[in-house]
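# Topology and contacts: notes
Residue-level listing of the chains:
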Amino acid sequence: MPAITSGKVLVTGANGYIAVWVVKSLLDQGFSVRGTVRSESKAKHLRETFKSYGDKLEVVIVEDITKDGAFDEAVKGVDAIEHTASPFHFKAIEPDELIVPAVHGTTGILKSAQKFGTSVKRVVITSSCAAVLTPSSEPHVFSEADWNEASIKEVQEKGRDAAGAAKYRASKTLAERAAWEFYEKNKASLSWDLVVLNPPFVFGPVIHEVDAPENLNESAREWYLTVVKSKLDNESLANIGSSYVDVRDLAQAHVLAITKPEAAGERIIVSAGPYKWQDFVSAAHRLDSRLPAGNTAYDPSKANHLIRYSPDKERRLLGVKFKTLEETTKDTLDDFKARGWL
């Protein structure tokens, strides 16, 4: 059950929304970090953000994560790997725009770790609840035993005509499945074990480089448009939702996933709980009356949550102390205010 409590950790896609918080959490807990980004321009912001940590942060360029051997150099001399790099958007025309980088990036880093990661003891992959859930009109509690077969089927049958969300969900499911298949096939000869984290929607403040709200990552932009800009009508606010996790709690889960021996070989859903959009709108309006009140007739005790995730495995193996929905809302609004977006 290899796990580490110190040393150097490779974080792929280190300039991403989740990844920057993972880098911060690792640095705050005494680890050294090697982060990969696609270009030197993306490296600058990271170096600036974490300059107070001195030589604890090293940034390297991996231009194309889908190329064979892309991570061969990056995995050398690290004790653990946090693989967060994968595209998240619903705008793909061809499914392969998402599926190829997701699958190749994931299997590519595992191959590199197998060949050149001689000091690696654990690999953590950021998957998603997109690889777990099957959309349904009836309430359902999903667990780590569930896989999203429906989106793969939709993409296979409809190709480019499949829904944008289905293309994304299929990419995450196929990438995660490829990771487990590689691990099971090779684990007898590997020096490391595998952990996969499956978060639902990720919200919370931003520390990656972003110049305007419209350029936020997918989930943070959706939060901004819904909570600050009243994107949804009252009926949608009360009825549309899913489950969520604060980005900082997810980052902490990434640290726990490399330090807890018992997480070895496990798939772990990391969710704070369900929400309807009105829950965030109400919390924001309580904090700042200038923000929209939304659906004032909404009663959270009567909300019908279609998608819930069993928290049992995460609580047992990692034990993240999750921020409340109010805390996430307050800190996100404070961040937006500091940026002049409110």
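Below, the structure is looked at part by part.

What counts, and at which threshold
- Residues numbered from 1 in each chain as written.
- Predicted model: local features only at pLDDT ≥ 70, side-chain atom pairs only at ≥ 80, totals over all residues.
- Heavy atoms only, no water.
- Helix = DSSP H or I, 4+ residues; strand = E, 2+ residues; numbered from the N terminus.
- Rg over C-alpha atoms; globule rule 2.2 N^0.38 Å.
- Contact = heavy atoms within 4.5 Å.
- Areas by Shrake-Rupley, 256 points an atom, 1.4 Å probe, with all protein chains shown as cover.
- Lys, Arg positive; Asp, Glu negative; His and termini not counted.
- Charge placed at Lys NZ, Arg CZ, Asp CG, Glu CD.
- Buried < 20%, exposed > 50% of the residue type's maximum accessible area, 1.4 Å probe, protein only.
- Polar contact = N/O pair within 3.5 Å; in protein donor to acceptor, adjacent residues only side chain to side chain.
- Pairing = 2+ DSSP bridges.
- Axes fitted to C-alpha atoms, helices over the stretch in contact; angles between N-to-C directions.
- Parallel < 35°, antiparallel > 145°, perpendicular 65-115°, else oblique.
- Nonpolar A, V, L, I, M, F, W, Y, C, P; charged D, E, K, R; others polar.
- Core = buried A, V, L, I, M, F, W, Y, C linked by side-chain atoms within 4.5 Å.
- Expected span 1.5 Å × (residues − 1).
- Salt bridge = Lys/Arg side-chain N within 4 Å of Asp/Glu carboxyl O.

### Quick look at the overall build of the protein
- Helix and strand counts for the protein come out as 11 helices and 12 strands.
- A compact globule built from 342 residues should have a C-alpha radius of gyration of about 20 Å, and the protein, at 20 Å, falls within 12% of that.
- Structurally, the protein occupies a C-alpha span of about 60 × 50 × 40 Å along its principal axes.
- For the protein, the proportion of contacts with a sequence separation of at least 24, taken over those separated by at least 6, is 79%.
- Carbon and sulfur atoms form 49% of the exposed surface of the protein, whose accessible area is close to 14700 Å².
- Across the protein, the mean location of the 44 positive side-chain charges is 2 Å away from that of the 47 negative side-chain charges.

### What about the side chain of S219?
- Along the chain, S219 falls in helix α6 (residues 218–228).
- Look at S219 and you get buried, because its relative accessible area is 5%.
- Within the structure, the side chain of S219 is placed 2.6 Å from the backbone oxygen of V202, a separation counted as a polar contact.

### Structural notes on the sheet that holds strand β5 (residues 122–126)
- Taken in spatial order, the 7 strands of this open sheet run β3-β2-β1-β4-β5-β7-β10, and their pairing is parallel. On the outer flanks of this sheet lie β3 (57–61) and β10 (267–269), each paired with one strand and no other. For this sheet, the mean inter-axis angle between neighbouring strands, taken without regard to orientation, is 20°.
- Sheet topology note: the strand β1 (residues 8–12)/strand β2 (residues 32–37) ladder contains 4 bridges and is parallel. Opposite V9, over in β2, you have V33 as the bridge partner.
- Contacting β2 and β3, helix α2 (residues 40–49) crosses the sheet at an angle of about 170° to β3.

### A word on the packing of α6 against helix α11 (residues 325–338)
- The N-to-C vectors of α6 and α11 enclose an angle of 95°; their axes lie 12 Å apart at closest approach. For the element pair α6 / α11, the angle class is roughly perpendicular. Facing W223, Y224 and V228 of α6, the residues of α11 in contact are T329, T332, L333 and F336.
- Across the contact of α6 with α11, the residue classes tally to 5 nonpolar, 2 polar and no charged.

### Some words on the nonpolar core
- V11, L26, L197 and F280 are the most contacted members of the largest nonpolar core, which has 64 residues in total.
- Here this core gets 9 residues from one element, more than from any other, and that element is helix α1 (residues 17–28).
- Apart from residues lying up to four places away in sequence, L26 is in contact with V9, V11, F31, V33, E82, V255 and I258.
- Within the second largest apolar cluster, 23 residues are counted, among which are A113, I125, A179 and F182.

### Things to note about the sheet that holds strand β9 (residues 241–246)
- Spatially, β8-β9-β11 is the arrangement adopted by the 3 strands of the open sheet, whose pairing is mixed. Sheet topology places β8 (201–203) and β11 (273–276) at the edges, where each strand pairs with a single neighbour. Adjacent strand axes in the sheet meet at a mean angle of 55° when their direction is disregarded.
- Where β8 meets β9, 3 bridges bridge the pair, whose relative direction is parallel. The residue bridging V202 from the neighbouring strand is V245, located in β9.
- Sheet strands in contact with helix α8 (residues 247–259) are β8 and β9, and its direction is about 60° off that of β9.

### Re α8
- The end-to-end C-alpha distance of α8, which contains 13 residues, comes to 19 Å, matching closely the 18 Å that a straight helix rising 1.5 Å per residue would cover.
- With 11 of 13 residues buried, α8 lies mostly within the body of the structure.
- Those residues of α8 that sit buried are V247, R248, D249, L250, A251, A253, H254, V255, L256, A257 and I258.

### Observations concerning the pattern of salt bridges
- Overall, the coordinates contain 26 salt bridges when judged by the stated rule.
- E73 is the salt-bridge partner of K76, the closest N and O atoms lying 2.8 Å from each other.
- A salt bridge links E314 to R315; its shortest N-O distance comes to 2.8 Å.
- When its relative accessible area of 38% is taken as the criterion, R315 is described as partly exposed.
- Among the charged side chains, a network of salt bridges with common partners joins K8, R34 and E58.

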